[in-house]
Amino acid sequence: MSSIIQLLPDHVANQIAAGEVVQRPASVVKELLENAVDAKATDIKLIIKDAGKALVQVIDNGLGMSVTDARLCFERHATSKIRLAEDLFSLGTKGFRGEALASIAAIAHVEMKTKQDQEELGTQIVIEGSKFVSQEAAVLPKGTSFAVKNLFFNIPARRNFLKSDTVEYRHIVDEFQRVALAHANIHFTFYHNGSEMYNLPASTLRQRIVNIFSGKTNEKLVPVQEETEIVTIQGFVSKPEFAKKSRGEQFFFVNDRFIKSGYLHHAIMAAYDGILKDGAQPSYFLYLDVPPNTIDINIHPTKTEIKFDDESALYAIIRASIKHSLGQFNIAPVLDFDRDANLDTPYDFKNLEGKTPTIQVDRTFNPFSDDKINKHFSGGSSSSISHSYGMSSHRKPEPVAHWESLYVGLEQDDEEVEISGISFESEEVTGSLFNDEDVEKTVQNTYQIHKKYIVSPIKSGMVIVDQQRAHQRVLYEQFLTNMTVHQASSQQLLFPLELYFSSTEMVLIDELKLSLVNTGFIFDETYKEQIVISGIPVNVVESEVSMLLEQLLTDLQDGIPENSFSQNDSIAKSMAKSLAVKTGTVLTIKEQENLVNGLFACKEPNVSPFQKPTFITMRVEDIDKKFAI
């Protein structure tokens, strides 16, 4: 038989590797930015067009490459980062696999320009789908420029799987933020479709966080600092009152490399135990510095997963250090919740010795005598308390007339009494507008069980309603009607509401603005990182606006539907989920009845907006069967 195993051509192997390394335009951004950081650049520019589908370009002022290196860098497993296998356990660079540039060149049009500082001329190379088109000398500034155009041009199926520009842009911003947060000493600039999105000068870590996530972030941060033999921790966590529902601003860095770790995230949540609302997520920016030989990075091409030698010790250290920081800056509550600060000893009285107070008594005082002596309390010195019933300073009180003398001269008639032209009825009115027999006793028709279900009797038996799902259905249809049929009514706010969001969230809000106006929101101003709201929908409370918008941004972070109805539908579902009465809420009888009546007035009362049943019915026959012997 003839042999059937053969070596794959390089361009095929590169395309296979590209499936792991390059998942979307954000993957290209990550690899190129990390290469620029490894080249010791101090100024890095990222230029994006059409969310990276048309162009991803990274320009740096790093070391640059020689003519030979420029050609060799596009070969598989060609790297300047490591030499030996042992180097994997002492990594000081971002990349080390030597696959990124070869994978990118296999599925895109790549133009690279590079020049070393000591050279007079640089090198310009053009590659299209792993094929070298040209290589020539050029006059270039120091550093390297990578321009990746028409991503997935030769894999149309992969290109069709890309999400909308909004979603792809959000992923690019995520990768940019991760690299920028890890290297606050580098100047980063980010342009999208010709507009400057970020300009982050070299700064301290706190300033870099504030520059990326708006100025209001500064007041939310609590510094964390801990140094042990296993790990050195520094960074910031947010105050509990600024926790959000989404997990957006959560960053772990190990040796300046962004990682994802559910185990370490649980350590942080354990540190916040008891001081966070249900479902709230704190923000954190934590930088761990560990010996390189105690971690293994070579697990996945994205290098966001890391294995630690002693994860349990790391867990305990992170939890303890965050607890310490929250307590040190008076974020966590003190142990004595009932302590009265007014009882604390002032500093002026700290060294004073206590003295026994002197007491003076008026021995002639008789509380039962007719001539009651006025009580008089005379103050003593600051170190004693004197109670004196003024033996020498009191005076004899004037005789007080008996209380019955106040009513002398007032004669009451049987019918009415006239005093100065004002008449009073002698008999108090205790009648009722209705006769007792005409008034029906109100009967309670609904009952709440376990603060979750509402039971209402019907002719054939009873209906059991899930209060949260039912309210979601009612609110969903109300919002959808307001956005599509009727003009929504708004309630004006006495003081406009100012809300702050990150630049990424502001992009989403701008796209949703028209739909939000249709639901009843009124926007006064929209700035780069702030919106001012002067009116809100009638059935929305002012305190819930921030939570509602955060939930909406979280629900739509994977993309906003293209057509208007789907967009309105998504917004109505998100707002209904946020505002619906939660399980565990006690409802009055009136609220229960309104909810049940509102549910059965809906067009589709059987299911919630998320296609879950809102109620079940139990017939009398079914109940009888339960009691049958």
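Residues numbered from 1 in each chain as written. Predicted model: local features only at pLDDT ≥ 70, side-chain atom pairs only at ≥ 80, totals over all residues. Heavy atoms only, no water.

Broken down by element type, the protein chain carries 15 helices and 24 strands. In the protein chain, which comprises 629 residues, the proportion classed as buried is 40%. For the protein chain, the share of sequence-separated contacts (at least 6 apart) that also reach a separation of at least 24 residues comes to 66%. With an accessible surface of roughly 37,600 Å², the protein chain has 51% of that area assigned to carbon and sulfur atoms. (Helix = DSSP H or I, 4+ residues; strand = E, 2+ residues; numbered from the N terminus. Buried < 20%, exposed > 50% of the residue type's maximum accessible area, 1.4 Å probe, protein only. Contact = heavy atoms within 4.5 Å. Areas by Shrake-Rupley, 256 points an atom, 1.4 Å probe, with all protein chains shown as cover.)

Moving on, we get to the nonpolar core. Counting residues in each nonpolar core, the largest one holds 60 residues, and the members touching the most others are Leu46 and Phe74. In this structure Phe74 touches Leu101, Ala102, Ala105, Val110, Met112, Ile125, Ile127, Phe132 and Phe146, once residues within four positions along its chain are discounted. Core analysis: the next-biggest nonpolar cluster, separate from the first, contains 32 residues, Met483, Leu493, Leu497 and Leu556 among them. (Core = buried A, V, L, I, M, F, W, Y, C linked by side-chain atoms within 4.5 Å.)

Two elements in contact, helix α6 (residues 165-182) and helix α11 (residues 503-519), have axes separated by 10 Å at closest approach and are oriented at 165°. Taken together, α6 and α11 sit at an angle that is classed as roughly antiparallel. Considering how the two elements wind past one another, α6 and α11 form a crossing that is right-handed. Here Thr166, Tyr169, Arg170, Val173 and Gln177 of α6 come into contact with α11, specifically with Thr504, Val507, Leu508 and Glu511. Considering only residue class, the contact of α6 with α11 consists of four nonpolar, three polar and two charged. (Axes fitted to C-alpha atoms, helices over the stretch in contact; angles between N-to-C directions. Parallel < 35°, antiparallel > 145°, perpendicular 65-115°, else oblique. Left-handed = near helix turned anticlockwise from the far one by under 90°. Nonpolar A, V, L, I, M, F, W, Y, C, P; charged D, E, K, R; others polar.)

This part takes up the sheet that holds strand β11 (residues 250-254). If you walk across this open sheet you meet the five strands as β9-β10-β13-β11-β12, and the pairing is mixed. One side of each edge strand has no neighbouring strand; the edge strands of this open sheet are β9 (221-227) and β12 (257-259). Recorded for the sheet is a direction-independent mean angle of 20° between the axes of neighbouring strands. Bridging between strand β10 (residues 232-238) and strand β13 (residues 284-289) involves six bridges; their strand directions are antiparallel. Looking at β13, one finds that Ile233 is bridged to Leu288. Contacting β11, β12 and β13, α6 crosses the sheet at an angle of about 50° to β11. Contacting β9, β10 and β13, helix α7 (residues 205-212) crosses the sheet at an angle of about 35° to β10. (Pairing = 2+ DSSP bridges.)

With that out of the way, let us pick up the confidence of the model for the protein chain. Residue-level pLDDT values for the protein chain average 79, and 77% of them are 70 or greater. Within the model, pLDDT remains below 50 along residues 414-420, and this stretch shows 10 contacts once partners closer than five positions in the same chain are excluded. (pLDDT = per-residue confidence, 0-100.)

Within the secondary structure, Phe600 is located in helix α14 (residues 589-600). Measuring from C-alpha to C-alpha, the distance between Phe600 and Arg473 comes to 10.0 Å, with 127 residues separating the pair along the chain.

On to the sheet that holds strand β2 (residues 55-60), then. Taken together, eight strands build an open sheet; the order of strands is β5-β4-β3-β6-β2-β1-β7-β8 and the sheet is mixed. Every interior strand has two partners, whereas the edge strands, β5 (131-138) and β8 (195-200), have only one. Neighbouring strand axes in the sheet, compared pairwise and without regard to direction, differ in orientation by 10° on average. Along the sheet, α6 contacts β1 (43-49), β7 (187-192) and β8; its crossing angle with β7, the most-contacted strand, is approximately 175°.

Now for the pairing of strand β23 (residues 530-537). β23 sits mainly inside the fold: eight of its eight residues count as buried. Sheet topology places strand β22 (residues 522-526) next to β23; four bridges connect them, and they run antiparallel. The residue of β23 that forms the bridge with Phe523 is Ile533. In textbook terms, the turn of a hairpin is the stretch between consecutive antiparallel strands, and for β22 and β23 this stretch comprises three residues.

Attention now moves to helix α9 (residues 311-328). Taking 1.5 Å per residue as the helical rise, α9 with its 18 residues ought to reach 26 Å, and the 26 Å between its terminal C-alpha atoms agrees with that figure. For α9, the complete set of buried residues consists of Ala313, Leu314, Tyr315, Ile317, Ile318, Ser321, Ile322, Ser325 and Leu326. Contacts from the buried residues of α9 go to β9, β10, β11, α8 (262-271), β13 and β15 (307-308). (Expected span 1.5 Å × (residues − 1).)

This part covers the pairing of β5. Pairing of strand β4 (residues 122-128) with β5 involves seven bridges; the strand directions are antiparallel. Residue pairing in the sheet places Glu128 in a bridge with Lys131 of β5.

This paragraph deals with the side chain of Glu175. Turning to its location among the elements, Glu175 is positioned in helix α6. On the basis of relative accessibility, which here comes to 15%, the residue Glu175 falls in the buried class. Within the local environment of Glu175, its side chain forms a polar contact with the side chain of Arg178, the two groups lying 3.3 Å apart. Excluding residues that lie within four positions of it along the chain, Glu175 makes contacts with Ala26 and Lys30. (Polar contact = N/O pair within 3.5 Å; in protein donor to acceptor, adjacent residues only side chain to side chain.)

Right, let's get into the side chain of Ser534. Tracing the backbone through its elements, the reader meets Ser534 in strand β23. The exposure class assigned to Ser534 is buried, which follows from its relative accessible area of 7%. A polar side-chain atom of Ser534 sits 3.0 Å from a polar atom in the side chain of Asp524. When residues no more than four places from it in sequence are discounted, the contact partners of Ser534 are Gln491, Gln492, Leu493, Ile522 and Asp524.

Turning next to the packing of aromatic side chains. Geometry of an aromatic ring pair is reported as the spacing of the ring centres plus the angle between the planes. Taken as a whole and judged by the stated rule, the model has 18 aromatic pairs. Measuring from centroid to centroid gives 6.1 Å for Phe251 and Phe258, while their planes differ by 65°, and the two rings are edge-to-face. No difference in accessibility class separates Phe251 from Phe258, as the two residues are buried. Following the ring pairs from residue to residue traces out a cluster consisting of Phe213, Phe251, Phe253, Phe258, Phe285 and Tyr287. We note Arg71 situated over the ring of Phe132; from NZ or CZ to the ring centre the distance is 3.6 Å. (Phe/Tyr/Trp six-rings, centres within 6.5 Å; stacked < 30°, edge-to-face > 60°. Lys NZ or Arg CZ within 6 Å of the ring centre and 35° of its normal.)

We now examine the packing of α8 against α9. Axis separation between α8 and α9 bottoms out at 8 Å; the angle between their running directions is 30°. Considering how the two elements wind past one another, α8 and α9 form a crossing that is right-handed. For the pair α8 and α9, contact is made by Tyr263, Leu264, His266, Ala267, Ile268, Ala270 and Ala271 and by Glu311, Ser312, Leu314, Tyr315, Ile318, Arg319, Ile322, Lys323 and Leu326, respectively. Considered class by class, the residues forming the contact of α8 with α9 number 11 nonpolar, two polar and three charged.

A word on unusual backbone geometry. Look at Ala51: it is not a glycine, yet its phi comes out positive at around 55°. Tracing the backbone shows Ala51 in the loop between β1 and β2. By relative accessible area, Ala51 is classed as buried at 1%. At Gln611, a position not held by glycine, the phi torsion is positive, near 60°. Inspection of the secondary structure puts Gln611 in the loop between α14 and β24 (615-619). For Gln611, a relative accessible area of 58% puts it in the exposed group.

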